Amino acid sequence: MDEKREQPALTLQELRFAIHHAQILNGVTFDVSRGETVGVIGPNGSGKTTLFNCINGFYLPTAGKVLFQEREITRMPPFQRAELGLGRVFQNFGIFREMTVLENMVTALEGRQPLRTTFFPWAKQNRKNRERALELLGEVQLAEKAHLKAGSLSGGQMRLLEIMRTFAFGAELFLLDEPTAGVSPKMKEDVAELVRKLQNEKKTILIIEHDIRFIEKFCERIIVLDSGRVLLDDTPEKVKESPLLQEIYFGKRSPSSGLV
Ligand SMILES: Nc1ncnc2c1ncn2[C@@H]1O[C@H](COP(=O)(O)OP(=O)(O)OP(=O)(O)O)[C@@H](O)[C@H]1O
Ligand SMILES: [Mg+2]
């Protein structure tokens with residue numbers, strides 16, 4: 001048996017979510033192995049973002065369970081999940097725009113460290129954090145922007161900074177909700193490169209994307225959500241070939257889709 005599959009990073013069991021009498025998630029069940037990269041696609045309104053909200057604790061599911069590294073976290077508050085290593089990346093809401101790019105990274109690194117009590121270790125740690133922050137910024141071509149306000153970066157650069165902050169905070173599982181939405185084609189490639197770096201670091205990644213041709217490059221598995229249910233869960237090749245995919249995007253059920 002594949003060793004990876006014995007260690008789920010994330011397990012969803014019969015997850016349901018309803019709001020204002022509308023059933024948004026209708027029993028979502030799947031698991032993600034440590035180090036796996038899984039794409040999540042589906043028509044607009046199919047429940048992808050709601051699923052992420054249930055995984056990171058913004059929404060409490062009406063039924064079902066969420067397990068992170070085999071520990072049940074269904075009702076745990078979001079900040080505790082983040083401390084365990086569950087990283088949600090928002091579309092530029094997860095950065096401090098008034099702080100410099102460097103300060104954004106340093107605060108993420110500090111967020112993982114215990115409170116410091118004496119001056120000298122503090123100064124040493126501070127220097128180490130700045131060095132590490134600059135090193136991480138260099139990996140996404142942001143080192144030369146270190147002293148600019150984060151709010152002055154382009155949308156794509158902010159996206160890279162936010163993913164890097166999540167990495168610096170120590171995330172093991174990354175929930176990326178349309179990380180390339182609204183960014184330039186060049187920046188899209190930079191985001192793809194960063195995802196590959198996370199993969200090299202053996203991080204587990206769930207990535208929502210509308211462009212299947214973009215995610216098939218680095219996902220070994222794609223889950224298709226439709227009306228809050230898992231419609232397909234297979235390799236990119238099998239998913240692309242499936243008549244069901246064509247049906248939900250181009251068939252009668254969902255005429256207005258932005259996919260492929
Ligand atoms: N807090 C909420 N209040 C009311 N309705 C909600 C709420 N959250 C989600 N919904 C509804 O749940 C459905 C699924 O929304 P969700 O944002 O999860 O879809 P999505 O698959 O991410 O779509 P998109 O591709 O457009 O981002 C939609 O009909 C949405 O209006
Ligand atoms: Mg969404």
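Residues numbered from 1 in each chain as written. Chains lettered and ligands numbered in written order. Predicted model: local features only at pLDDT ≥ 70, side-chain atom pairs only at ≥ 80, totals over all residues. Heavy atoms only, no water.

Chemist: Just to check I follow, could you spell out the packing of helix α3 (residues 101–111) against helix α5 (residues 155–168) for this structure?
Modeler: Between two packed helices, both the angle of their axes relative to each other and the distance between the axes serve to describe the pair. For the pair α3 and α5, interaxial distance at closest approach is 8 Å and the crossing angle is 25°. One element, α3, and the other, α5, form an angle in the roughly parallel class. Read as a crossing pair, α3 and α5 show a hand that is right-handed. Contacts from V101, N104, M105, T107, A108 and L109 of α3 reach α5 at L161, M164, R165 and A168. (Axes fitted to C-alpha atoms, helices over the stretch in contact; angles between N-to-C directions. Helix = DSSP H or I, 4+ residues; strand = E, 2+ residues; numbered from the N terminus. Parallel < 35°, antiparallel > 145°, perpendicular 65-115°, else oblique. Left-handed = near helix turned anticlockwise from the far one by under 90°. Contact = heavy atoms within 4.5 Å.)

Chemist: Got a minute to help me understand α5 in this structure?
Modeler: Because each turn of an α-helix spans 3.6 residues, side chains separated by three or four positions in sequence point in the same direction. Over its 14 residues, α5 extends 20 Å from the first C-alpha to the last, a length consistent with the 20 Å expected when each residue adds 1.5 Å. Counting buried residues in α5 gives 13 out of 14 residues, a clear majority hidden from the surface. Trailing α5 by a residue or two, G170 shows a phi angle of about 100°, which is positive. (Expected span 1.5 Å × (residues − 1). Buried < 20%, exposed > 50% of the residue type's maximum accessible area, 1.4 Å probe, protein only.)

Chemist: What should I look at first to understand the packing of aromatic side chains in this one?
Modeler: Each pair of aromatic rings is reported with the distance of its centres and the angle of its planes. Throughout the structure, instances matching the rule amount to two aromatic pairs. Between F17 and Y59, the aromatic rings sit 4.6 Å apart at their centres with planes inclined by 10°, giving stacked as the arrangement. With F17 in strand β1 (residues 8–19) and Y59 in the loop between α1 (48–56) and β4 (63–68), this residue pair connects regions lying 42 residues apart in the sequence. Classification of Y59 as partly exposed rests on a relative accessible area of 30%. Note on F214 and F218: the rings are 5.4 Å apart at their centroids and 90° apart in plane angle, and the pair reads as edge-to-face. Each member of the pair, F214 as well as F218, carries the same accessibility label: buried. In this arrangement the basic side chain of K188 is found over the ring face of F214, its NZ or CZ atom lying 5.1 Å from the centre. (Phe/Tyr/Trp six-rings, centres within 6.5 Å; stacked < 30°, edge-to-face > 60°. Lys NZ or Arg CZ within 6 Å of the ring centre and 35° of its normal.)

Chemist: Sorry if this is basic, but what is going on with the confidence of the model for the protein here?
Modeler: Interpretation of this model should avoid reading the predicted coordinates in detail wherever pLDDT is low. Per-residue confidence for the protein averages 89 on the pLDDT scale, and 89% of its residues sit at or above 70. Considering only residues more than four positions removed or in separate chains, one finds that residues 254–260, a stretch of pLDDT under 50, has 18 contacts. (pLDDT = per-residue confidence, 0-100.)

Chemist: Whenever I open this one, empty space enclosed by the protein confuses me. Can you help?
Modeler: Unfilled space is identified by rolling a water-sized probe across the atoms. For the structure on display, the rule yields two cavities of 30 Å³ or more. Estimates place the volume of the largest cavity at around 50 Å³. Looking at the largest cavity, the residues that line it are E139, V140, Q141, L160, D190, E193, L194 and K197. If one sorts the elements of the lining of the largest cavity by residue count, helix α6 (residues 185–200) sits on top with four residues. (1 Å grid on protein atoms, 1.4 Å probe; cavity = no way out; pocket = protein on both sides within 12 Å on 5 of 7 lines; lining within 4 Å. Points joined across faces, edges and corners; volume = space filled by probe spheres on them.)

Chemist: How should the site of ligand 1 be read in this particular structure?
Modeler: With respect to spatial proximity, 14 residues lie near ligand 1, and among them G45, K48, T49, T50 and Y59 are the closest. Within the side chain of N44, one N or O atom sits 3.1 Å away from an oxygen atom of ligand 1. Taking 640 Å² as the accessible area of ligand 1 by itself, protein coverage stands at 62%. Here the element with the most residues in the shell around ligand 1 is α1; it accounts for three residues. Of the residues belonging to the shell around ligand 1, the class tally is four nonpolar, eight polar and two charged. (Near = heavy atom within 4 Å. Polar contact = N/O pair within 3.5 Å; in protein donor to acceptor, adjacent residues only side chain to side chain. Areas by Shrake-Rupley, 256 points an atom, 1.4 Å probe, with all protein chains shown as cover. Nonpolar A, V, L, I, M, F, W, Y, C, P; charged D, E, K, R; others polar.)

Chemist: How should the nonpolar core be read in this particular structure?
Modeler: A general trend in soluble globular proteins is that nonpolar side chains are found buried together. Residues I41 and L161 are the most contacted members of the largest nonpolar core, which totals 48 residues. Take this core: its biggest share by element is seven residues, from α5. With 25 residues, the next largest nonpolar core counts L12, F17, F30 and I73 among its residues. (Core = buried A, V, L, I, M, F, W, Y, C linked by side-chain atoms within 4.5 Å.)

Chemist: Please clarify how the sheet that holds strand β6 (residues 86–89) should be interpreted in this entry.
Modeler: Strands pair in a sheet through their backbones, by hydrogen bonds, and they do so in one of two ways: parallel or antiparallel. Strand order in the open sheet formed by six strands is β6-β7-β8-β3-β9-β10, with mixed pairing between adjacent strands. Edge strands, defined here as strands with exactly one partner in the open sheet, are β6 and β10 (229–234). Ignoring which end each strand starts from, the neighbouring axes of this sheet average 20° apart. Sheet analysis places strand β7 (residues 173–177) next to strand β8 (residues 204–208), joined by five bridges and oriented parallel. Looking at the pairing, L173 lines up with T204 of β8. Packed on one face of the sheet, α6 meets β3 (37–41), β7 and β8 and runs near 155° to β8. (Pairing = 2+ DSSP bridges.)

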